Amino acid sequence: MPVCSSRSLECARLWIAVAGAIGALLGVVWAIWTGVGLLAPVRRQLGDLKADWKAGTPIYEYFRANPAQLQGFADFQAMEDEERAAYKEFDELNAQVEKATGQALKTLEHQLDNAEIRLKDVLSRSDDVVTIANHVHYVNLFRSEALKRLVLGAGISALGIVAFAWAANPPSSAPSAALSGANLANADLVGANLRGADLTDTNLTGADLSAADLRGADLDGAELANVTWSGTTCPDGTNSDDAADSCENHLRIVDSGGS
C-alpha cells in the first residue's frame, strides 16, 4: 500500500486504514473505560441518598413503590435520626455504667445490653436500605448512561474495523486478456492503469508509458523498443525514475526487446 498524499482512492486507502484502526482502538478503550466504571462504582452514602429523596428520582420512585424495602424507616432522614438516637442512648448508658455501682450497675448494664441490640438492629437495617438504594442507582446508571456508551463504543469499533478491512484489502485487478498480442505501437498510455494486465506478446514499440501503473502486469514477449518510461510503476513495483529511467530490468521476465 503506497504512502502518499495523492487524492486517488488507492492512496487514500492507507489513511482510511489508519483512521479505521484508530477508531476501532478508541471504541474499545471507551467501552473498557465504561466497563471499569460499572465494575467499580462509587458507593453512595446516606447524605447522598438524602439529597436524592425527591419525587421523580429513581431511588425515590423505587422506595415509594416498594415501601417494605425501607426496613421500617419512613425515609432516609428518619433513618439518620434513628441512628443518632440509638448512638446517643448507647453512649449515655455506657457513661452511666462507668460511674454506677451495686444494683444500679446491674440495672444499667441490662439497659446497655438492650441499647446495644437496638443500635445494631438500626445499623443493620440502615445498611440494608443503603445497599438496596445503591443497587437501584447502579441499575439506573447502567440503563440511562453506561448502556448508551457501551453501544456507542461498540459501534465506533465496528465502523473502524470495517473501514480498516476495506482499506487494507483492495480488490485485485483481473488481467485484461484483450490486450494480449494487441498492437499498441506509439500508443499514448500516460497514466494508464495496467495493473495485472495481460500484455503478453503486445507490441508497445514507441508507446508512452509515463506515470502508467504496470504493477503485476505480464509483459512476456512484449515488444518494448523506444518505450518512454517516466514515473512508470514497473511490474515488480519499482518506479522507473529509480531504475535509470527504465523498467527493462524490472519486468519479472526475460525481455529480449530493446528499451
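You'll find the structure just up there.
Residues numbered from 1 in each chain as written. Predicted model: local features only at pLDDT ≥ 70, side-chain atom pairs only at ≥ 80, totals over all residues. Heavy atoms only, no water.

S.K.: Where do I start with the overall build of the protein chain in this structure?
M.R.: Each helix and strand in the protein chain was counted, giving five helices and zero strands. When its helices and strands are written in sequence order, the protein chain yields α-α-α-α-α. Within the span of the protein chain, comprising 259 residues, buried residues form 33% of the whole. Here the analysis covers contacts within the protein chain between residues at least 6 apart in sequence; of these, 39% occur between residues at least 24 apart. Accessible area of the protein chain: about 15300 Å², with a carbon and sulfur share of 57%. (Helix = DSSP H or I, 4+ residues; strand = E, 2+ residues; numbered from the N terminus. Buried < 20%, exposed > 50% of the residue type's maximum accessible area, 1.4 Å probe, protein only. Contact = heavy atoms within 4.5 Å. Areas by Shrake-Rupley, 256 points an atom, 1.4 Å probe, with all protein chains shown as cover.)

S.K.: Could you clarify how one ought to interpret the packing of helix H4 (residues 76–99) against helix H5 (residues 102–168) in this entry?
M.R.: Helix-helix packing is described using two parameters, namely the angle between the two axes and the distance between the axes. One way to put it is that H4 packs onto H5 with a least axis distance of 9 Å and a crossing angle of 155°. What the angle tells us is that H4 and H5 run roughly antiparallel. For the element pair H4 and H5, the recorded crossing hand is left-handed. Grouping the constituent residues of the contact of H4 with H5 by class yields 17 nonpolar, four polar and seven charged. (Axes fitted to C-alpha atoms, helices over the stretch in contact; angles between N-to-C directions. Parallel < 35°, antiparallel > 145°, perpendicular 65-115°, else oblique. Left-handed = near helix turned anticlockwise from the far one by under 90°. Nonpolar A, V, L, I, M, F, W, Y, C, P; charged D, E, K, R; others polar.)

S.K.: I keep staring at the pattern of salt bridges and nothing clicks. Help me out?
M.R.: Oppositely charged side chains may form a pair once their charged atoms are brought near each other. Summed over the entire model, instances satisfying the criterion amount to ten salt bridges. Each of Lys50, Glu80 and Arg84 takes part in a single network of salt bridges with overlapping partners. (Salt bridge = Lys/Arg side-chain N within 4 Å of Asp/Glu carboxyl O.)

S.K.: When you look at the state of the cysteines in this model, what are you seeing that I'm missing?
M.R.: By definition, a disulfide links two cysteine residues through a covalent bond between their sulfur atoms. Enumeration over the complete set of coordinates arrives at one disulfide. Residue pairing for Cys234: its cysteine sulfur links by disulfide to Cys247, the two sulfurs lying 1.9 Å apart. With the S-S dihedral at roughly -85°, the linkage between Cys234 and Cys247 falls on the left-handed side. Residue Cys234 is found in the segment after H5, and its partner Cys247 is found in the segment after H5; the two are separated by 13 residues along the sequence. The pair formed by Cys234 and Cys247 is uniform in burial state, with each residue classed as buried. (Disulfide = S-S within 2.5 Å.)

S.K.: Even after reading the chapter, I still don't get the nonpolar core, so can you show me in this structure?
M.R.: The nonpolar side chains of a soluble globular protein tend to be buried, and buried together. Among the nonpolar cores identified, the biggest contains 23 residues, and Leu189, Leu194, Leu199, Leu204, Leu209 and Leu214 are the most heavily contacted of them. Excluding its chain neighbours within four sequence positions, the residues that come into contact with Leu214 are Leu194, Leu199, Leu209, Leu219, Trp229, Thr232, Thr233, Cys234 and Pro235. One finds Leu46, Ala86, Val122 and Ala133 within the second-largest nonpolar core, a separate group that totals 18 residues. (Core = buried A, V, L, I, M, F, W, Y, C linked by side-chain atoms within 4.5 Å.)

S.K.: What is the right way to look at the packing of helix H3 (residues 58–65) against H5 in this model?
M.R.: Relative to each other, H3 and H5 sit at 125°, their axes nearing to 9 Å. Considering their axes alone, H3 and H5 lie oblique with respect to each other. For the pair H3 and H5, the sense of crossing is right-handed. Touching Pro58, Ile59, Tyr62 and Phe63 of H3 are Val129, Ile132, Ala133, Val136, His137 and Asn140, all from H5.

S.K.: Is there a simple way to think about a nonpolar patch on the surface in this case?
M.R.: Among the surface-exposed residues, Trp15, Val18, Ile22 and Leu26 lie close enough to one another that they form a single nonpolar patch of about 400 Å² accessible area. Assessed through its relative accessible area of 47%, Ile22 is described here as partly exposed. (Patch = residues over 30% accessible without salt bridge, like charges linked within 9 Å, V, L, I, M, F, W, Y side chains within 5 Å.)

S.K.: Just checking my understanding: could you explain the packing of aromatic side chains for this structure?
M.R.: Two numbers describe a pair of aromatic rings. These are the distance of the centres and the angle of the planes. Following the criterion strictly, the structure yields five aromatic pairs and no others. For the ring pair Tyr62 and Phe63, a centre distance of 5.3 Å and an interplane angle of 80° mean the geometry is edge-to-face. Taking relative accessible area as the criterion, Tyr62 reaches 27% and is therefore assigned partly exposed. Take Phe63: its relative accessible area is 1%, and that puts it in the buried class. (Phe/Tyr/Trp six-rings, centres within 6.5 Å; stacked < 30°, edge-to-face > 60°.)

S.K.: Quick question: what am I supposed to make of the environment of Gln111 here?
M.R.: With respect to the helices, strands and loops of the structure, Gln111 is situated in helix H5. Each C-alpha atom of the pair Gln111 and Phe90 lies 8.9 Å from the other, and the pair is 21 residues apart in sequence.

S.K.: How do you make sense of the side chain of Thr202 when you look at a structure like this?
M.R.: Structurally, Thr202 can be placed in the segment after H5. A distance of 2.6 Å separates a polar atom in the side chain of Thr202 from the backbone oxygen of Leu179. A distance of 2.9 Å separates a polar side-chain atom of Thr202 from the backbone oxygen of Leu199. Beyond its immediate chain neighbours, meaning those up to four positions away, Thr202 contacts Leu179, Ser180, Gly181, Ala182, Leu184, Ala222 and Glu223. (Polar contact = N/O pair within 3.5 Å; in protein donor to acceptor, adjacent residues only side chain to side chain.)

S.K.: Whenever I open this one, H5 confuses me. Can you help?
M.R.: Since the α-helix advances by 3.6 residues per turn, residues separated by three or four positions end up pointing in the same direction. Relative to the 99 Å expected for 67 residues at 1.5 Å per residue, H5 spans 91 Å between its end C-alpha atoms, a close match to the ideal helical length. Along H5, the sharpest kink reaches roughly 45°, centred on Phe142. (Expected span 1.5 Å × (residues − 1). Bend = angle between axes of the 7 residues up to and from the residue.)

S.K.: Quick question: what am I supposed to make of H4 here?
M.R.: For H4, with 24 residues, the first-to-last C-alpha span of 35 Å sits near the 34 Å given by 1.5 Å per residue. Along H4, the positions that sit buried rather than exposed are Phe76, Ala78, Met79, Glu80, Glu83, Ala86, Leu93 and Val97. If you follow the buried residues of H4, they end up packed against helix H2 (46–51), H3 and H5. Where H4 starts, the residue carrying a side-chain oxygen 3.1 Å from the main-chain nitrogen of Gln77 turns out to be Asp75.

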